[in-house]
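# Summary of structural features
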Amino acid sequence: MVVIFSDIKKIGFELIAKARELADKRGKKVCAVVIGKDTGTMAQEYIQRGADKVIVTGSSMEHFNAEDVSDILEKVVREERPDVVLIASTKDGKELAPRLASKLDAGCISDANRIYIEGDSILAERVVYSGNGVAVEQFSTLPGIVTVPGKAFDPLPADPGRTGEIVNRDIELKPQRSRIMDVQEMRSEGVNLEDAEKIVSCGRGFKSSDDIKLIKELAQVLKGNTLGCSRPIAADLKWLSEDHWVGLSGHKVKPKLYVACGISGQIQHVAGMRDSGVIVAINKDADAPIFNSADYGIVGDLYQVLPKLIEAIKQKM
Ligand SMILES: Cc1cc2nc3c(=O)[nH]c(=O)nc-3n(C[C@H](O)[C@H](O)[C@H](O)COP(=O)(O)OP(=O)(O)OC[C@H]3O[C@@H](n4cnc5c(N)ncnc54)[C@H](O)[C@@H]3O)c2cc1C
């Protein structure tokens, strides 16, 4: 059995696809856990995407609480006895996985982008040292817990004819040591970087927030319209909201086209965009590290290059 849990449905689909592959290799089943209110048709969708069984529980939970969710998952794992538990590496998943591992006295591998079986062993690979190395890790005891970032695996297509077991479970929640006092919405401009096909990103090469109109225009002519940025633009200068932030501590993106304007290409930024299809970099410093990751590079002042590039694309389109 492979158990999966994700607080974000589309990452849940991706985890099921990987779980399906691992389970099939061992002749085992895939069980997804759906927790909380408003789970709607999620259980059915999980079955259509490859789960054999879905446990729906925790309907009394107002908000995600890692203490409650780890209690629930602990019960599920003790009952279902999986070899592996895949957990989405979201903010909530990252809080949940080590708690669960500690309750089960299990090993935990975080942010795996490859998981596979070799002989009797389950192995996972993760990027370490800010993208400078890959660690191959192996569980010495089972079950093993693995957190998986979004987009690490492709989901299976939905099969509306697929059937499976849906179990509604009432797992009693016990009083916990922490309590959620208030939930505040993050400032968001409604950007969905993970699903964007074209991203135009800005970095500290821009002199003022006003100048971001240049990449807005480039995004528009490319019919992409999705803006990304390096950390200083979102975290320090706050010219764009954090949902634009690409990188190790921001969003991991995989568009067909990524245009980096005035971004130096430090490893923490590249870790978030290196899987893009075609990478174009514009930087006035010919030695900027971004050019090592770029398929096309333009060495020049972005204030001169961008207007010309926009005009040229307009002509072409
Ligand atoms: C733990 C940790 C996590 C981090 N996570 C992230 C992350 O998720 N995402 C991220 O982006 N960063 C992250 N960082 C920060 C990262 O190390 C860099 O500091 C950051 O990416 C630099 O942003 P930048 O390229 O915009 O700025 P800079 O490094 O200052 O680069 C600006 C670039 O613009 C060029 N430039 C300047 N003027 C012009 C012009 N007129 N025309 C063309 N080019 C010009 C310069 O040549 C330079 O290459 C992290 C750091 C740490 C320590």
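Residues numbered from 1 in each chain as written. Predicted model: local features only at pLDDT ≥ 70, side-chain atom pairs only at ≥ 80, totals over all residues.

## A look at the overall build of the protein chain
Helix and strand counts for the protein chain stand at nine helices and 15 strands. On C-alpha atoms alone, the protein chain measures out to a radius of gyration of 22 Å, which is about the 20 Å that the 2.2 N^0.38 rule sets for 317 residues. Principal-axis analysis of the C-alpha atoms gives the protein chain an extent of 65 × 45 × 40 Å. Out of the 317 residues belonging to the protein chain, those deemed buried represent 40%. Looking at the protein chain alone, contacts between residues at least 24 apart form 63% of all its contacts between residues at least 6 apart. (Helix = DSSP H or I, 4+ residues; strand = E, 2+ residues; numbered from the N terminus. Rg over C-alpha atoms; globule rule 2.2 N^0.38 Å. Buried ≥ 20, exposed ≤ 12 C-beta atoms within 10 Å, placed from the backbone. Contact = placed C-beta atoms within 7 Å.)

## A few points about the packing of helix H5 (residues 213–221) against helix H9 (residues 302–316)
Look at H5 against H9: their axes get within 10 Å of each other, and the N-to-C directions meet at 20°. What the angle tells us is that H5 and H9 run roughly parallel. By crossing handedness, the relation of H5 to H9 is classed as left-handed. Note on element contacts: H9 touches H5 through Leu306, Leu309, Ile310, Ile313 and Lys314, opposite Leu214, Glu217, Leu218 and Val221. (Axes fitted to C-alpha atoms, helices over the stretch in contact; angles between N-to-C directions. Parallel < 35°, antiparallel > 145°, perpendicular 65-115°, else oblique. Left-handed = near helix turned anticlockwise from the far one by under 90°.)

## Some remarks on the environment of Glu67
Residue position: Glu67 is located in helix H3 (residues 66–80). Given 17 C-beta atoms within a 10 Å radius, Glu67 is considered partly exposed. As a C-alpha pair, Glu67 and Asp159 span 92 residues in sequence and 34 Å in three-dimensional space. Look past the residues within four positions of Glu67 in its chain and what remains in contact with it is Gln176, Arg177 and Ser178.

## Here we look at the sheet that holds strand E7 (residues 121–128)
Strand order across the open sheet formed by three strands is E6-E7-E8, with antiparallel pairing between neighbours. With partners counted over all chains shown, the strands left at the sheet margins are strand E6 (112–118) and strand E8 (133–138), one partner each. The average angle at which neighbouring strand axes cross in this sheet is 25°, direction not considered. (Pairing = 2+ DSSP bridges.)

## With respect to the site of the ligand
In the vicinity of the ligand lie 26 residues, with Gly203, Gly205, Ser230, Gly247 and Ser264 positioned nearest. Among the secondary structure elements, those contributing two or more residues to the shell around the ligand are helix H6 (231–236), helix H7 (267–273), strand E14 (278–283) and H9. Among the residues making up the shell around the ligand, the classes are represented as eight nonpolar, 13 polar and five charged. (Near = placed C-beta within 6 Å. Nonpolar A, V, L, I, M, F, W, Y, C, P; charged D, E, K, R; others polar.)

## As for the domain arrangement of the protein chain
Taken domain by domain, the protein chain comprises domain 1 (2–168) and domain 2 (193–316). Computed from C-alpha coordinates alone, the two centres of domain 1 and domain 2 are separated by 33 Å. Residues that form the side of domain 1 that touches domain 2 fall into these classes: two nonpolar, four polar and one charged. (Domains from an automatic or database assignment.)

## Re the sheet that holds strand E11 (residues 198–202)
Across the sheet, which stays open at both edges, the five strands sit in the order E12-E11-E13-E14-E15 with parallel pairing between neighbours. Of all strands in the sheet, those bounded by a partner on one side alone are strand E12 (226–229) and strand E15 (296–299). Neighbour-to-neighbour, the strand axes of this sheet turn through a mean angle of 20°, independent of strand direction. Note that E11 and strand E13 (residues 257–261) share five bridges and pair parallel.

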